[in-house]
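Below, each chain spelled out in residue letters.
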Amino acid sequence: MKYLFAVLSFFILVASLANSSFGEQKIVLKQVSVDPLEISEARIFIPLKGSSATAAYAKLKNNSDQDITLTLVNVESFSASEIHESLVRDGKMSMKKVDKIIIAAHKSFEFSPGGHHIMLFDATQNILANQKLKVQFKVNGKAQSFDFNALSRF
Amino acid sequence: MKAKILTIFFSLILSACVLWAVVKINNSRPIIGGSFKAQNNGHDWIFKDEPKDLNLLYIGYVKCPDICPMTLSFINKALGELELKDKSRVRFIFISVDQNYESVQDVSGYVKQFNSTFIGLNGTKNQIDQIITLFNLTYKIENDPKSYLGYSITHSDRILLLNRLGIVISQLPSPRSSDEILKKIRENL
């Protein structure tokens, strides 16, 4: 019995040493990938009757260490799309087309009502509430698509 | 002697009257507004035919994707929060300045999606320009070959509050929330 106990203890000791690589602990770091450009609250207002234009809005966050240059390529189900900025100056409202947006490293940017927005022209199909529409940007020159949720204004 | 005293007395009264008139004229605001005519869904629409106690007026265009629908949404929200007895005393009128590309049906149908009581007006360039001058507003349509739309519109961004005669009694510039619009309506009802 004593002999059996000694043999078992020996094997347990050998197995433990082997497992711990003779006391050296292995640390495995899990890599969590974060998108350089994060988009939230991405929404497109369903065009209203009588109007061929509508707008899309979203919050954008640059998670990277470099500035991001963003240009708009196209929006699914619309004939054309442009980045615009609404301006109110001296009591007058105007809009101007913007070619690109630059988001500084670790900073945020918002397409929001009354400010920058994505203007959409001539829907090519009937758009339904909660439909997901692909919006394609060029992020530092590389094409990237994001889902925008179609919403009714009412 | 008596004549001299009388002359001085009347001179003083006259001077006081002139002074009072000058002060009054300087302090009084110029009267802006009045009745006007435009087109609503294919028919003539004349302000004085059916004025409300309080009339809100805003100019814009239905292809405007941002500020105009936001303003209409805020006005709808503000009107929705009015007491029932006051709702029928207020009206909102939207006038499109994009006469070349927006039909009267477009404008009328567009605003009624926000609120069935909203009045959407359009008209000839002459009609619209008369309204713009009457209310001391401005708009400008410019070619914009860089944009898909091909043109851009700059317009006054103020909600005017009119009395039953169409006279401007107050106004609300941008930026404004639905709460601010509601407050302004209540102040002027």
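**Here we look at the packing of helix H2 (residues 67–80) of chain B against helix H4 (residues 104–114) of chain B**
For any two helices packed against each other, one specifies the crossing angle of their axes together with the interaxial distance. Residue and element names in this part refer to chain B. Running from N to C, H2 and H4 cross one another at 50°; their axes reach a closest spacing of 9 Å. With respect to each other, H2 and H4 are oriented oblique. Contacts between H2 and H4 involve Pro69, Leu72, Ser73 and Asn76 on the former and, on the latter, Tyr110, Val111 and Phe114. In terms of residue class, the contact of H2 with H4 is built from 5 nonpolar, 2 polar and no charged.

**Describing a nonpolar patch on the surface**
Together, Leu6, Phe9, Phe10 and Ile13 of chain B make up an exposed nonpolar region whose accessible area comes to about 390 Å². The topology assignment puts Ile13 of chain B in helix H1 (residues 2–27).

**Quick notes on the nonpolar core**
Generally speaking, soluble globular proteins have nonpolar side chains that are buried together. Core analysis: the biggest nonpolar cluster contains 57 residues, and Phe36, Leu56, Leu57, Ile93, Ile95, Phe135 and Ile185 of chain B have the highest contact counts within it. With 7 residues, the top contributor of residues to this core is H2 of chain B. Setting aside its immediate chain neighbours within four residues, Phe36 of chain B contacts Trp45, Ile46, Phe47, Leu57, Ile93, Ile95, Leu121, Ile131, Leu134 and Phe135 of chain B. Ile39, Ile46, Tyr57 and Val98 of chain A belong to the second-largest nonpolar core, a separate cluster that totals 32 residues.

Rules used throughout
- Residues numbered from 1 in each chain as written.
- Chains lettered and ligands numbered in written order.
- Predicted model: local features only at pLDDT ≥ 70, side-chain atom pairs only at ≥ 80, totals over all residues.
- Heavy atoms only, no water.
- Axes fitted to C-alpha atoms, helices over the stretch in contact; angles between N-to-C directions.
- Helix = DSSP H or I, 4+ residues; strand = E, 2+ residues; numbered from the N terminus.
- Parallel < 35°, antiparallel > 145°, perpendicular 65-115°, else oblique.
- Contact = heavy atoms within 4.5 Å.
- Nonpolar A, V, L, I, M, F, W, Y, C, P; charged D, E, K, R; others polar.
- Patch = residues over 30% accessible without salt bridge, like charges linked within 9 Å, V, L, I, M, F, W, Y side chains within 5 Å.
- Areas by Shrake-Rupley, 256 points an atom, 1.4 Å probe, with all protein chains shown as cover.
- Salt bridge = Lys/Arg side-chain N within 4 Å of Asp/Glu carboxyl O.
- Core = buried A, V, L, I, M, F, W, Y, C linked by side-chain atoms within 4.5 Å.
- Buried < 20%, exposed > 50% of the residue type's maximum accessible area, 1.4 Å probe, protein only.

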